[in-house]
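For reference, the chains in residue letters:
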Amino acid sequence: MADSLKDAPFKTVQVEALVVVKIVRHCSNSFPTTATGSIVGMDKDGVLEITNTFPFPTVDVTNVEGSHQNDASALAAAAPRAKANIVYQNDMIRHLKEVNVDANNVGWYTSATMGNFVNPSFIENQYHYQRENDRTVALVHDVSRSSQGALSLRAFKLTQNFMTAFKEGKFTTESLQKSKLSFKDILVELPVHVHNSHLLTTFLHQLPVAPTAEDVTMPTSLADLERNPVKMPLYPSVDILDLSIDPFLEKTCDLLLDSIESHYTELNNHQYYQRQLAREQAKITAWQTKRKAENAARVAAKQQPLPEDEWQRIFKLPQEPSRLEGMLNAKQVEQYSKQIDGFTANVSAKMFAVRGNLLPE
């Protein structure tokens with residue numbers, strides 16, 4: 001990961017606060033449907049500055065006969081590489097250039113739920129951008145994590161080794177062993193910094209503070225207390241002391257189990273291919289042994305030997321399935337594991353704090 005980050009054309013991603021607000025609003029309004037859009041900016045001194053963004057048009061599938069519930073998410077996930085949206089993106093960038101706004105496309109953004117974003121559609125979208133311009137990133141906004149009060153905005157780009165392998169389209173066992181490519185070499189994450197303009201910072205510092213009351217008017221009767229009840233002072237929240245398991249942790253564990261099951265399914269498919277290949281190779285070996293014996297008998301009888309390469313026409317070896325899906329599943333399992341590690345940090349600290357009352361005497 002460190003080597004991949006060292007080879008990147010930039011070291012960090014700087015996102016303007018206005019861009020963050022636009023992305024969060026678009027993703028929140030589109031939830032649970034996937035939201036995608038384009039980001040523009042410029043690369044300066046090893047920092048990718050993202051200064052503006054605009055969403056991609058969405059297709060309304062509610063009135064389409066025979067449409068499925070997931071059709072909208074599938075169309076939105078594939079929107080960045082759709083031909084109509086490519087034309088729309090070029091037109092928008094041309095209009096931004098006319099009003100002297102940064103008009104360099106630097107990637108795209110997408111929404112995610114519980115960290116579930118590593119899929120073939122995400123890889124194809126980023127490959128579509130990165131093959132044309134290596135100075136592009138994919139911003140991922142996790143709506144579920146952000147609903148807890150902490151902004152979740154991450155930046156990713158594909159590694160050069162994976163770009164080469166994806167271009168060739170060969171994800172067989174032999175090619176992966178030769179290139180030493182693993183699931184850890186698919187994506188590289190870049191640090192994200194939110195930047196406020198000087199004008200916005202000045203405005204925040206000049207916000208007026210609510211004036212404090214100099215004289216406190218005391219109530220003169222019970223009727224005054226009923227009309228104007230005493231306002232209790234603010235007190236710290238005790239929700240952080242709750243020992244119940246975080247519901248997001250439970251959902252993430254369920255998603256982790258689903259990803260592990262998908263990984264085992266891919267593993268079983270590969271093992272089935274290996275058994276099929278072993279059976280066909282055994283048939284080929286038996287056929288070659290039989291043909292060699294026939295040719296030895298024909299040579300002894302002074303007859304023309306039969307060709308020994310006819311097995312290529314008679315037998316057909318099974319084609320090895322692509323290992324890309326298994327690699328993406330493994331990468332998604334890694335993402336879920338990191339989330340669970342972050343969730344359990346707070347819960348473990350609470351459990352250790354009260355373990356004296358939990359242990360039997």
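This structure is a prediction, so every number in the text was calculated from the model and none was measured. (Residues numbered from 1 in each chain as written. Predicted model: local features only at pLDDT ≥ 70, side-chain atom pairs only at ≥ 80, totals over all residues. Heavy atoms only, no water.)

Remarks on the overall build of the protein chain
Heads up, the condition is: Here a helix means four or more residues in a row that DSSP labels H or I, a strand means two or more in a row labelled E, and each is numbered from the N terminus. It only takes one pair of heavy atoms within 4.5 Å for two residues to be counted as in contact. Note on areas: Shrake-Rupley, 1.4 Å probe, and residue coverage restricted to the protein chains presented here.
The secondary structure content of the protein chain amounts to 14 helices and 8 strands. Intrachain contacts of the protein chain at a sequence separation of at least 6 include 78% that bridge at least 24 residues. Per element, the accessible surface of the protein chain, about 23600 Å² overall, is 55% carbon and sulfur.

With respect to a negative patch on the surface
What counts, and what does not: Within this analysis, patches are made of residues with over 30% relative accessible area and no salt bridge. Like charges are joined at 9 Å or less; nonpolar side chains (Val, Leu, Ile, Met, Phe, Trp, Tyr) at 5 Å or less. In what follows, salt bridge is the name for a side-chain nitrogen of Lys or Arg lying within 4 Å of a carboxyl oxygen of Asp or Glu. Only four residue types enter the tally: Lys and Arg on the positive side, Asp and Glu on the negative side; His and the chain ends are excluded. For charged residues, the charge sits on one atom: NZ in Lys, CZ in Arg, CG in Asp, CD in Glu.
A contiguous patch of negative charge on the surface is contributed by E250, D254, D258 and E261. Along the chain, E250 falls in helix α11 (residues 247–300).

Let's talk about the pattern of salt bridges
For the record, the criterion: Accessibility here uses a 1.4 Å probe with only protein chains present; expressed as a share of the type maximum, an area under 20% marks a residue as buried, one over 50% as exposed, and anything in between as partly exposed.
Tallied over the full model, the rule gives 9 salt bridges. With its nearest N and O atoms 2.2 Å apart, the salt bridge here joins D43 to R135. With a gap of 92 residues between them, D43 in strand β2 (residues 36–44) and R135 in the loop between α5 (120–130) and β5 (137–142) connect regions that are remote in the sequence. A residue is classified by how much of its surface remains accessible, and D43, at 26% relative accessible area, is partly exposed. When the shortest N-O distance is used, the salt bridge between R94 and D91 registers 3.5 Å.

A look at a nonpolar patch on the surface
A cluster of nonpolar side chains, contributed by L200, F203, L204 and L207, occupies part of the molecular surface with about 360 Å² of accessible area. Relative to the assigned elements, L200 resides in helix α9 (residues 198–205). Judged by relative accessible area, L200 falls into the partly exposed class, the value being 32%.

So, helix α7 (residues 160–168)
How we decide: To be clear, the arc concerns the directions from the helix axis to the C-beta atoms.
Along α7, the residues classified as buried are F162, M163, A165 and F166. Angularly, the buried residues of α7 cover 170° about the axis, an arc narrow enough to put them on a single face. For α7, the exposed residues set more than 90 degrees away from the buried face come down to N161, K167 and E168. Looking at the residues trailing α7, positive phi occurs at G169, about 75°.

Details of the sheet that holds β2
The condition is simple: Any two strands between which DSSP finds at least two bridges are classified as paired. To get an axis, a line is fitted to the C-alpha atoms, and for a helix only the part in contact is used. The angle between two axes follows their N-to-C directions and goes from 0 to 180 degrees.
Overall, mixed pairing links the 8 strands, which are arranged β7-β6-β5-β4-β2-β3-β1-β8 in an open sheet. Both edges of this open sheet fall to β7 (187–190) and β8 (192–195), since each of them pairs with a single strand only. When strand polarity is set aside, the average angle formed by the axes of neighbouring strands in this sheet is 35°. Taken together, the 4 bridges between strand β6 (residues 153–158) and β7 define a ladder with antiparallel strand orientation. Residue pairing in the sheet places F156 in a bridge with E189 of β7. Its contacts with the sheet put helix α2 (residues 17–30) on β1 (12–16), β2, β3 (47–55), β4 (104–112), β5, β6 and β8, and the angle it makes with β3 is roughly 40°.

Regarding unusual backbone geometry
Excluding glycine, a negative phi dihedral is what most residues carry, and trans is how most peptide bonds are arranged. Of note, D45 is a non-glycine position whose phi angle comes to about 55°, a positive value. Counting through the fold element by element, D45 comes out in the loop between β2 and β3.

Considerations on the environment of N133
Turning to its location among the elements, N133 is positioned in the loop between α5 and β5. Residues N133 and G107, spaced 26 residues apart in sequence, show a C-alpha to C-alpha distance of 8.9 Å.

So, the nonpolar core
Within soluble globular proteins, side chains that are nonpolar tend to cluster in buried spots. Selection criterion: Nonpolar core, defined: a set of buried Ala, Val, Leu, Ile, Met, Phe, Trp, Tyr and Cys residues in which side-chain atoms within 4.5 Å join the residues together.
F122, I123, F162, F171 and L187 are the most contacted members of the largest nonpolar core, which has 26 residues in total. Those elements that place two or more of their residues in this core are β4, α5, β5, β6, α7 and α13 (324–353). If we ignore the near neighbours within four places in the chain, the residues touching F162 are I123, F171, L181, D185, I186 and L324. Core analysis: the next-biggest nonpolar cluster, separate from the first, contains 19 residues, V13, A35, I39 and Y109 among them.

Here we look at the packing of aromatic side chains
So the rule is basically this: Here a pair means two rings of Phe, Tyr or Trp (six-membered ring of Trp) with centres within 6.5 Å. Their orientation is stacked below 30 degrees between planes, edge-to-face above 60, and tilted elsewhere.
Evaluated as defined, the whole model comprises 6 aromatic pairs. For the ring pair F117 and F122, a centre distance of 5.4 Å and an interplane angle of 70° mean the geometry is edge-to-face. Put simply, the rings of W108, F117, F122 and F156 pair up and form one aromatic cluster.

Topic: the confidence of the model for the protein chain
Threshold: pLDDT runs from 0 to 100 and stands for how confident the predictor is about each residue.
Chain-level statistics for the protein chain give a pLDDT mean of 77 and a share of 83% at 70 or above. Within the protein chain, the lowest mean pLDDT, 52, falls on helix α1 (residues 2–7), and the highest, 88, falls on β5. The model gives residues 61–69 a pLDDT under 50, and that stretch makes 4 contacts with residues more than four places away or in other chains.

A short note on the side chain of E49
With respect to the element layout, E49 can be found in strand β3. For the buried residue E49, which engages in no salt bridge, the nearest side chain bearing the opposite charge is K44, 5.0 Å off. Leaving out residues up to four positions away in the same chain, E49 has contacts with Q14, V40, G41, M42 and K44.

What about the pairing of β2?
Sheet topology note: the β2/β4 ladder contains 6 bridges and is antiparallel. Of the residues in β4, the one forming a bridge with I39 is G107. Across 8 bridges, the pairing between β2 and β3 is antiparallel. Bridged to G37 within β3 is P55. Between β2 and the antiparallel strand that follows it, β3, lie 2 residues; D45 among them carries a positive phi value of about 55°.

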